[in-house]
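Descriptive structure summary
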Amino acid sequence: MTQESNQEPFDEAEYRRRQRSRANMMAWMLGALAILFFLITIAKMQIFQ
Amino acid sequence: MAQSLTHAEPALPADWRDLFALTKPRVMSLVVFTALCGLLAAPGDVHPILAFSSILAIALGAGASGALNQWYEAGIDSKMKRTAGRPLPAGRLDPQTALQFGVGLAAFSVFLMLFASNWQAALLLAASILFYVFIYTMWLKPRTPQNIVIGGAAGAFPPLIGWVAATGSLAPLPVLLFLLIFLWTPPHFWALALFVKSDYAAAGIPMMPVVAGEKSTRRQILFYAVIMAASAIAPWPLGYTGALYGWTAIILSALFVMLSIQVGTRTTGEGDLMRPEKRLFAYSIAYLFILFGAVVADHWWPL
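Just so you know, these numbers come straight off a predicted model, no measurement behind them.

What counts and what doesn't
Residues numbered from 1 in each chain as written. Chains lettered and ligands numbered in written order. Predicted model: local features only at pLDDT ≥ 70, side-chain atom pairs only at ≥ 80, totals over all residues. Contact = placed C-beta atoms within 7 Å. Nonpolar A, V, L, I, M, F, W, Y, C, P; charged D, E, K, R; others polar. Helix = DSSP H or I, 4+ residues; strand = E, 2+ residues; numbered from the N terminus. Buried ≥ 20, exposed ≤ 12 C-beta atoms within 10 Å, placed from the backbone. Axes fitted to C-alpha atoms, helices over the stretch in contact; angles between N-to-C directions. Parallel < 35°, antiparallel > 145°, perpendicular 65-115°, else oblique. Left-handed = near helix turned anticlockwise from the far one by under 90°. Expected span 1.5 Å × (residues − 1). Domains from an automatic or database assignment. pLDDT = per-residue confidence, 0-100.

**Points about the interface of chain A and chain B**
- If you look at the interface, chain A gives twelve residues, while chain B gives ten residues.
- The residue makeup of the side of chain A that touches chain B, split by class, is seven nonpolar, two polar and three charged.

**Quick look at the environment of Leu183 of chain B**
Residue and element names in this part refer to chain B.
- Relative to the assigned elements, Leu183 resides in helix 8 (residues 172-195).
- With 22 C-beta atoms counted inside 10 Å, the residue Leu183 sits in the buried group.
- A C-alpha to C-alpha distance of 9.2 Å links Leu183 and Ala156, two positions 27 residues apart in sequence.
- Setting aside its immediate chain neighbours within four residues, Leu183 contacts Tyr224, Ile227, Met228 and Ser231.

**Thoughts on the packing of helix 3 (residues 48-72) of chain B against helix 5 (residues 95-116) of chain B**
All names here are of chain B.
- Interaxial distance between helix 3 and helix 5 falls to 8 Å at its minimum, and their mutual angle equals 155°. The orientation of helix 3 with respect to helix 5, classified from their angle, is roughly antiparallel. Considering only the axes of helix 3 and helix 5, their crossing is left-handed.
- Taken together, the residues that form the contact of helix 3 with helix 5 break down as 19 nonpolar, seven polar and no charged.

**Examining helix 13 (residues 275-300) of chain B**
- In this model helix 13 of chain B runs 38 Å from its N-terminal to its C-terminal C-alpha over 26 residues, within 8% of the 38 Å that 1.5 Å per residue would give.
- The inward-facing, buried residues of helix 13 of chain B contact helix 2 (25-41), helix 8, helix 11 (214-233) and helix 12 (243-265) of chain B.

**With respect to the domain arrangement of chain B**
All names here are of chain B.
- For chain B, the assigned domains are domain 1 (1-168) and domain 2 (171-303).
- Domain 1 and domain 2 are separated by 22 Å when their C-alpha centres are compared.
- Every element with two or more residues in the side of domain 1 that touches domain 2 is listed here: helix 2 and helix 7 (147-167).
- The biggest single contributor to the side of domain 1 that touches domain 2 is helix 7, with nine residues.
- Tallied by class, residues from the side of domain 1 that touches domain 2 come to 16 nonpolar, five polar and five charged.

**Overview of the confidence of the model for chain B**
Residue and element names in this part refer to chain B.
- Residues at a pLDDT of 70 or more form 96% of chain B, whose mean pLDDT is 92.
- At the level of individual helices and strands, chain B shows its lowest average pLDDT in helix 9 (residues 197-203), which scores 81, and its highest in helix 12, which scores 97.
- Across the whole predicted complex the pTM is 0.87, and at the interface the ipTM reaches 0.76.

Structure representation (structure tokens):
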């Protein structure tokens with residue numbers, strides 16, 4: 001078990017915090033993009049009317 | 001292939017702040033501003049949502065270029081003080097994640113431009129990303145001291161893309177604005193290269209001061225500043241802009257040339273603080289911001 005003792009201890013709390021932070025950011029970005037694509041579609045419909 | 005890194009791969013998922021830093025946000029601000037000016041100076045009206053989406057696409061494209069540049073140059077960045085703290089050389093980010101992020105962002109930016117504006121602007125955006133990554137980063141930068149002269153074209157694309165996003169076609173004014181940024185790049189980067197020369201030498205990048213020496217670099221800064229000033233003023237006598245832009249360009253360019261004369265005619269010894277070079281570098285950024293602001297002001301509120 002020499003190999004294991006050389007490795008840094010796995011910080012599960014930090015792992016979960018980063019995962020949550022990235023998931024939140026991704027959710028916000030996807031939401032914003034959905035709204036943006038909806039608005040682009042509306043804008044294009046107005047132009048071509 | 002990206003330059004190899006010696007640090008161990010991090011086991012933790014990447015922090016979104018490191019992914020954001022990968023996009024070179026400070027460089028992006030100048031890209032966004034010049035693109036916005038190109039779009040606002042174009043004739044006709046653009047729907048605000050479509051204008052916003054086009055600028056967002058250009059910003060994402062610039063961010064993708066920055067990310068792919070940092071992925072490829074991670075090994076070089078780790079040898080330079082100025083860049084050693086970036087997410088990849090500092091070991092906070094896995095190279096594979098950086099590559100996937102860069103490629104994904106590039107593809108999305110071109111798709112967004114195609115959806116929000118027109119295929120011509122999307123094609124130009126794709127060309128500018130490919131030019132920056134393959135021609136500048138991978139081919140020119142490690143091989144020739146002329147890297148930023150030719151590579152400067154990549155940074156000159158945004159006002160052109162902004163204009164084409166608004167109109168769907170090219171015109172003489174955005175081409176002149178492209179030429180202005182193209183000629184502005186050498187004095188801007190060589191002023192920086194003069195005061196971080198040892199960094200570039202340590203990383204083995206053939207920047208002009210490292211290869212041709214300080215004296216030659218200083219002469220070339222002055223040469224490019226003079227032809228840049230001529231190209232900055234040209235849109236007024238050619239009739240593409242009015243007096244507001246013309247006088248702004250004359251005054252700002254005269255000051256640019258004066259600062260370049262200071263840099264171009266001096267010699268330095270050991271321990272020099274390089275104040276004139278730092279002054280020229282800082283002024284060159286303000287110069288481009290104000291000049292592009294003047295293009296828009298002249299279009300909307302002509303004298």
